[in-house]
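Now for the letters of each chain:
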Amino acid sequence: MTAVVITQPMLFPWPGFFEQLMLADCYIYLDDTQFSKGSFTNRIQLLRGNDRCWMTIPLAGKGSFQMISELTAAGEDWKASHRSLLRQSLLGAPYIDDALAIFDSVYSHSSLLELLIASIEEPARYLGIGANRTIEKTSEMGVEGTSWQRVLDIVLKVSGTRYLTGHGAANYLDHAAFERAGVQVEYMNYSRTPWPQPVGTFTPYVSVLDLIARMGPEARSCLIPATVAWQDFLKEETVTS
Amino acid sequence: MTPCRVCSKEIVSPAYETPAPALTSIMTLLDIPTRVYICDGCGHAQCDEIPDIKGFYDTGYRISLSSEDHDQIFAVKPDGTVIYRTDHQAEISRNLLALSQGAKLLDYGAAKATTLHKVVAARPDIKPHVFDVSADYAPAWEGWIAPEAQATYEAPEEWAGRFDAAMSHFVIEHVADPVGFISGIRKLLKPHGTLLLSMPDVSANPGDMTVADHVNHFSEASLRRALAAGGFEVSVLDTTSFPGAFFVVAVRSETPVKEEQDATLVRQAVDRGLEICDFWRASADGLEKQAANFRGRKAAIYGAGFYGSWIFSRIGKDVEVTAFLDQNPNMQNATHFGHPVTAPTAIAEDAEALFIGLNPLKARAAIGNMPYLHKPGLELVWLDA
C-alpha cells in the first residue's frame, strides 16, 4: 500500500497537516495550480494574547491569476516583521529558540516557492516525520489534465493505492472512479490534540511553530493521525420527507 | 387546548412554540408559528395543521419533481457501490412485506412511486397500484402502471377489499387525521391484508420536530395506539433498518383491536419529546441573540439541508447572509433561499460569523476537520451553544 498526499505548498501549516504528512509514503506539492486568495498558501495564524492573528506574506500583484510556482513576494520587509510577530507570539515558550531557528532557516530562501516548501520540510524534519518519504512537485511530473482526473492520474503515476485528503476535496472527487482505479480515498480525521498554550481557549489551528515552541522534542506526541474511509464520510442522514 | 390526533386526549398547552416563519420538509418557509404539543396519554407529538393542507399537497408539495435522478445516498458499500434511499426502502419493503406470487400491492400516497417501481423491478409478478392526493405525479406512473391501477384524490370504491398489501412511505407524518388515514387503507385491503408504514422517528432524528408539514411525530407508543385504533395488529416494528425512521408492518384485523397502552413506553416518549423541545427552544433563543449580535453584518450558514435552512428561517431577516456552505456537490452552484450555495473552502473573506447548520451530535467533529473555517474574525455559532 502506498499512501499519497497532494497539497499546495503552505506557510508553516497547522499541526493537523503534519498528521496527514505522517501517513504519507509519497508527498506531492501541487505547485502548478492557480493561487487561491484566502487559502493557507501564503499565510498562517499565530496566537496573539487572547486572540489570533495572521502572518501573511504579501504577494506581488496580490498573486492574482498566478500559478503557485510563479508567486513572488512584494519586497523583503515582511521577513523581519514576521520574525518579530512570531517572537512576540511565542514569548515565554520553553522551546522558542527551536522554533525561531527553524523560522530563520526557512526564511533564508530567496525563492518564495522554496521558502513555502521548506516551511513544511524543516518542521517535518524536526518532528522526525517521513525521512523515507518520496517528495515530488506536480510541475515536474508531466501529468496534464484538470480536477479529480488529474489528481487520480498523479496518484497512479507514483503507484499510489491510498489517497489521503482533507475535507475540502469532497466536493469535487469522483470517489467511485478512484475505487475502480484501485485507489482508496480516505479523509483526514484530525486529532486536534491540545498542547499547553499560555492564555484563552486552546486552538489547534495555529502554526506548527507554536506546537514546537511549547512542546519541543515532545511535540510529536500531539500528532495522532487517523483517517475515515470515503464511504463513511459521504453518508447522509436526513429523513425529512 | 388541542385534542391528540391519536388518542383524542386534550393537550393543554404546547411544549414548544416559536413565531413564524416555519420551515417545511421541502425547504420552503410558511408564515405560521411552530407549535409542538406532546400528549401524555399516548406519547404522540403533533404540530398545528398547516393552512390549506389539501392545496399544499395537491399543488404546493413538489418532492423530487424537479429532478429525474434526485435521491439521497443512504450508505456506501465497502466495494464502492452507492446505496440510494429508494433502493434501500424498496429492499426493506420486499423483505418486510413478504409478498405472495402475483400479489396486488398498493403504494398509498405514492408521489412518483419510485420505491414501488423498484419493488416491481425486483418482483415483476407483483401487480402495482398507486394512489396520491395530487395528480402532478401521474406522468411518472405512465408506462409501468396500468391506468385502471392509478388513482388520485379519492380511492375508487371498487378498490375496497382489493389489495393483498399496501405500503405508505413517509406520508402519515403529514396527515391531519392519522387514524382516519390508517382506517382508509384498511378498507382497501383484503381481510388479513398487510400494511407497511414508514415515517420519521423523532426520538432518533430530533430535527423532525420542527418540520412544519410533519404534523405528526410518532413514538412507538403512539404508533401502536394509532394502528390499533385503525384496525391493525402490529407484527413488526423495525427501528434499525433505516436509522432515524420507523418501518412498521401491521395486519388487518377482522375483529376490534384492543387499544392497550404501555405506560413505560408512553412516559419515555413524553420525556424524550420534552427533551427535544427544550433543545429547539434553547437553540431558537440562542439564534435570536446571535441574530441581534450580527444584525446587518455578513454571515454564512454551514449546511444547505434541514438544520441550515432552519437557521436561515430564524436569522435571515437580521444578518446579511453571504452564502450557504455545503460539501454536497449536488447542492453547490445553486441558490438556496436566494443565496448561493458554495463549497466550504469558498467562504467569503468578509463573513464575520458562520452559523453551523449540522446535526449537533456531529457538528463539532465535522467542522473541526476544516481548518479553513477556523480563523480570526470568524465567529462560529453552534446550535447547542
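Refer to the structure printed above.
These lines cover the structure that appears in this document, whether it is placed above or below.

Definitions and cut-offs
- Each chain carries its own residue numbering, running from 1 in the written order of its sequence.
- To read the labels, note that chains go from A and ligands from 1, taken in the order they are written.
- This being a predicted model, a pLDDT of at least 70 is required before a residue's local features are given, and a value of 80 or more before pairs of side-chain atoms are given or counted; all residues contribute to the totals for chains, interfaces and linings.
- With hydrogens and water stripped out, all remaining heavy atoms of the structure feed into the side-chain values.
- Whether two strands pair comes down to DSSP finding at least two bridges between them.
- Secondary structure is summarised from DSSP: a helix means a run of H or I of at least four residues, a strand means a run of E of at least two, and numbering begins at the N terminus for each.
- Angles here are taken between N-to-C directions and fall from 0 to 180 degrees, while the axes themselves are lines fitted to C-alpha atoms, restricted in helices to the stretch in contact.
- Pairs of residues are marked as contacts when any of their non-hydrogen atoms sit within 4.5 Å.
- For Phe, Tyr and Trp, where Trp contributes only its six-membered ring, two rings pair if their centres lie within 6.5 Å, and the inter-plane angle classes them as stacked under 30 degrees, edge-to-face over 60, or tilted in between.
- Type-normalised accessible area, obtained with a 1.4 Å probe on protein chains alone, sets the label of each residue: buried when under 20%, exposed when over 50%, and partly exposed for intermediate values.
- By definition, being over a ring means that NZ of Lys or CZ of Arg is both within 6 Å of the ring centre and within 35 degrees of the ring normal.

Residue and element names in this part refer to chain A. Overall, mixed pairing links the six strands, which are arranged β5-β2-β1-β6-β7-β8 in an open sheet. Every interior strand has two partners, whereas the edge strands, β5 (134–137) and β8 (227–229), have only one. When strand polarity is set aside, the average angle formed by the axes of neighbouring strands in this sheet is 30°. For strand β1 (residues 3–7) and strand β2 (residues 26–29), the ladder comprises four bridges, and the chain directions are parallel. Residue pairing in the sheet places Val5 in a bridge with Tyr27 of β2. Each of β2 and β5 is contacted by helix α4 (residues 112–127), which is oriented at about 150° to β2, the strand it contacts most. Each of β1, β2 and β6 (162–165) is contacted by helix α5 (residues 147–157), which is oriented at about 135° to β1, the strand it contacts most.

For the rest of this paragraph, the subject is the packing of aromatic side chains. Note on aromatic pairs: each is described by the distance of the centres and the angle between the planes. In this structure the tally under the stated criterion is 27 aromatic pairs over all chains. Seen from their ring centres, A:Phe17 and A:Tyr27 are 5.9 Å apart, and the 80° between their planes marks the pair as edge-to-face. Of the two residues, A:Phe17 sits in helix α1 (residues 15–22) while A:Tyr27 sits in strand β2, which places them 10 residues apart along the sequence. In terms of burial, A:Phe17 and A:Tyr27 fall into one category: buried. Here A:Trp78 and A:Tyr107 contribute two aromatic rings whose centre-to-centre distance is 5.5 Å and whose plane-to-plane angle is 70°, an arrangement assigned as edge-to-face. Of this pair, A:Trp78 sits in helix α2 (residues 77–90) while A:Tyr107 is found in helix α3 (residues 96–107), placing the two residues 29 residues apart along the sequence. A network of ring pairs unites the aromatic residues B:Phe279, B:Trp280, B:Phe306, B:Tyr307 and B:Trp310 as a single cluster. Here the basic side chain of B:Arg85 rests over the ring of B:Phe170, its NZ or CZ set 4.5 Å away from the ring centre.

What is shown is where atoms sit, not what they do.
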